[in-house]
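Residue-level listing of the chains:
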Amino acid sequence: MIPVARPANVPPRLDLTNPNSAAFLERESILQGLGADGSPAVGTKFNAYSHKSVRDALQDLFHNKCAYCESKIAGSQDTDIEHYRPKGRVTEAAGSGVTHHGYWWLAMDWTNLVLSCMLCNQRRRQLILEAGMTEDQVRALIEADRTISTGKLDSFPTEDSVWVTSHTGNVATEKPLLIDPTRIDPDLHLDWVLDEEYSTVSARNGSLAGQTSIDIYGLNRRRLTEDRMPKLLLMRISGNKALAALNRAATAPDPDVAAAWQETAVDHLEVVRAHCADIQPFAGLARAYVRELERQIAAMRGP
């Protein structure tokens, strides 16, 4: 997961400042039909957000990747237009005895929409790996088929189990435990494991939001970790070549030879850094690897 800057320009049909936009008209229609308890009328449909123009805008914003796991999805599978704050119900609120009819007033709000893969967004049984697992432990997990249910769907846990339940409330007062990369830098909460057999992510400094996001989005599901490993292995190859070249440059007796090895190291480092571009899958993992590589280089050079 990487931070994504949401542009100020809103898809025209979702422009809530325009009284003729699909979003404005839909919200007004729902408001007029609200029940005494503040719930939308039975059978209320949310159509403004599901238009092709909105999906296209989200695919451009997230570079055809899932906002949560960063898998490339738009070119090979259907994509979900995901509501960060669920539009119909809130699982955790119901579990806490809180009546919540969903954040229906945000169903057509551009700032509440992200692009998601089906596995991060929909509930599925998944094999979940953990940091530190050996190959034997993973094999045993697979053979036992020990799966758990992951996927966001209607989840929206908060730190204090308090939710805004009315369209007149201020959602900025909530304390969400799920990371929205358009609102907060995921690096504040996620830490990549770079030196093990499997590419897993853990909560940075015990971050509750980090761990909750990992668990609910299923960021350590088996097939996802397997998809990330080839990228990490390729970066390791180029990174190790860069370190070896820098070592040779440092020990070369001839300045010209040292300069040549230095140039070779730079070439390898550029290959690694190319994986960090916003358009690349798993750029968050790549950036974490580059930071670790830079620490190793700094240690080689000394104070």
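What counts, and at which threshold
- Residues numbered from 1 in each chain as written.
- Predicted model: local features only at pLDDT ≥ 70, side-chain atom pairs only at ≥ 80, totals over all residues.
- Heavy atoms only, no water.
- Helix = DSSP H or I, 4+ residues; strand = E, 2+ residues; numbered from the N terminus.
- Buried < 20%, exposed > 50% of the residue type's maximum accessible area, 1.4 Å probe, protein only.
- Contact = heavy atoms within 4.5 Å.
- Areas by Shrake-Rupley, 256 points an atom, 1.4 Å probe, with all protein chains shown as cover.
- Lys, Arg positive; Asp, Glu negative; His and termini not counted.
- Charge placed at Lys NZ, Arg CZ, Asp CG, Glu CD.
- Salt bridge = Lys/Arg side-chain N within 4 Å of Asp/Glu carboxyl O.
- pLDDT = per-residue confidence, 0-100.
- 1 Å grid on protein atoms, 1.4 Å probe; cavity = no way out; pocket = protein on both sides within 12 Å on 5 of 7 lines; lining within 4 Å.
- Points joined across faces, edges and corners; volume = space filled by probe spheres on them.
- Nonpolar A, V, L, I, M, F, W, Y, C, P; charged D, E, K, R; others polar.
- Pairing = 2+ DSSP bridges.
- Phe/Tyr/Trp six-rings, centres within 6.5 Å; stacked < 30°, edge-to-face > 60°.
- Lys NZ or Arg CZ within 6 Å of the ring centre and 35° of its normal.
- Expected span 1.5 Å × (residues − 1).
- Bend = angle between axes of the 7 residues up to and from the residue.
- Axes fitted to C-alpha atoms, helices over the stretch in contact; angles between N-to-C directions.
- Parallel < 35°, antiparallel > 145°, perpendicular 65-115°, else oblique.
- Left-handed = near helix turned anticlockwise from the far one by under 90°.
- Disulfide = S-S within 2.5 Å.
- Core = buried A, V, L, I, M, F, W, Y, C linked by side-chain atoms within 4.5 Å.

### Considering the overall build of the protein chain
A tally of regular secondary structure across the protein chain gives nine helices and six strands. When its C-alpha atoms are laid out on the principal axes, the protein chain stretches across 85 × 45 × 40 Å. Every one of the 303 residues in the protein chain was classed for burial, and the buried ones make up 45%. The contacts in the protein chain between residues at least 6 apart in sequence include a share of 68% that link residues at least 24 apart. When the accessible area of the protein chain is evaluated, it comes to approximately 15000 Å², of which 52% is carbon and sulfur surface. When the 33 basic and 39 acidic side-chain charges of the protein chain are each reduced to a single mean position, those positions are 3 Å apart.

### Considering the pattern of salt bridges
Summed over the entire model, instances satisfying the criterion amount to 15 salt bridges. Its salt-bridge partner being Asp 191, residue Arg 204 comes within 3.5 Å of it at the nearest N-O pair. Residue Arg 204 is found in the loop between strand E6 (201-203) and helix H6 (208-217), and its partner Asp 191 is found in strand E5 (residues 190-192); the two are separated by 13 residues along the sequence. A relative accessible area of 25% places Arg 204 in the partly exposed class. When salt bridges that share partners are traced, they join Glu 135, Asp 136 and Arg 139 into one network.

### Some words on the confidence of the model for the protein chain
For the protein chain, the average pLDDT comes to 94, and 98% of its residues sit at 70 or higher. Between the elements of the protein chain, mean pLDDT differs from a low of 90, seen in helix H5 (residues 135-144), to a high of 97, seen in H6.

### Describing the layout of surface pockets
Approximately 260 Å³ is the volume found for the largest pocket. Along the lines of polarity and charge, the residues of the lining of the largest pocket split into ten nonpolar, one polar and six charged.

### Some details on the pairing of strand E2 (residues 113-116)
Covered by surrounding structure in E2 are Leu 113 and Leu 115 together with Val 114 and Ser 116, the residues of both alternating faces. Note that strand E1 (residues 80-83) and E2 share four bridges and pair antiparallel. Across the sheet, His 83 pairs through a bridge with Leu 113, a residue of E2.

### Some thoughts on the packing of aromatic side chains
Under the definition given, this model contains five aromatic pairs. Judged by centre distance (3.8 Å) and plane angle (15°), the ring pair of Tyr 68 and Tyr 217 falls under stacked. Of the two residues, Tyr 68 is situated in the loop between helix H2 (52-61) and E1 and Tyr 217 in helix H6; the sequence distance between them amounts to 149 residues. What links up through ring pairs into an aromatic cluster is the set Tyr 84, Tyr 103, Trp 104, Trp 105 and Phe 156. Above the ring of Trp 110, the side-chain terminus of Arg 6 is found at 5.1 Å from the ring centroid. The cationic tip of Arg 85 hangs over the ring face of Tyr 103; the distance from NZ or CZ to the ring centre is 5.8 Å.

### A look at helix H7 (residues 222-251)
Helical geometry: 3.6 residues make up each α-helical turn, so side chains three or four residues apart lie on a common side. End to end, H7 covers 43 Å across 30 residues, agreeing with the expected 44 Å (1.5 Å per residue, within 8%). Its axis deflected by about 25° at Met 229, H7 carries its strongest bend there, up to four residues before the proline Pro 230.

### Section: the packing of H7 against helix H8 (residues 255-274)
Closest axis-to-axis distance for the H7/H8 pair is 8 Å, and the angle between their directions is 160°. Taken together, the axes of H7 and H8 are roughly antiparallel relative to one another. When the axes of H7 and H8 are compared, the crossing they make is left-handed. Contacts from Met 235, Ser 238, Gly 239, Lys 241, Ala 242, Ala 245, Leu 246, Arg 248 and Ala 249 in H7 reach Ala 258, Trp 261, Gln 262, Thr 264, Ala 265, His 268, Leu 269, Val 271 and Val 272 in H8. Along the lines of polarity and charge, the residues of the contact of H7 with H8 split into eleven nonpolar, five polar and two charged.

### A look at the state of the cysteines
Throughout the structure, instances matching the rule amount to zero disulfides. Looking at the unpaired Cys 117, the closest cysteine sulfur is the one in Cys 120, lying at 3.7 Å. For Cys 117, a relative accessible area of 4% puts it in the buried group.

### Here we look at the nonpolar core
Core analysis: the largest hydrophobic core is formed by 66 residues, its most contacted members being Leu 58, Phe 62, Tyr 68, Cys 120, Tyr 217 and Leu 219. Of all elements in the fold, only helix H1 (22-32), H2, E2, E5, H6, H7, H8 and helix H9 (283-301) reach the threshold of two or more residues within this core. Of all the elements, H7 adds the most residues to this core, at eight residues. For Leu 219, the contacting residues outside a window of four places in its chain are Met 1, Tyr 68, Cys 69, Cys 120, Val 201, Ser 213, Ile 214, Leu 224 and Arg 228. Within the second largest apolar cluster, six residues are counted, among which are Leu 127, Leu 129, Leu 141 and Tyr 198.

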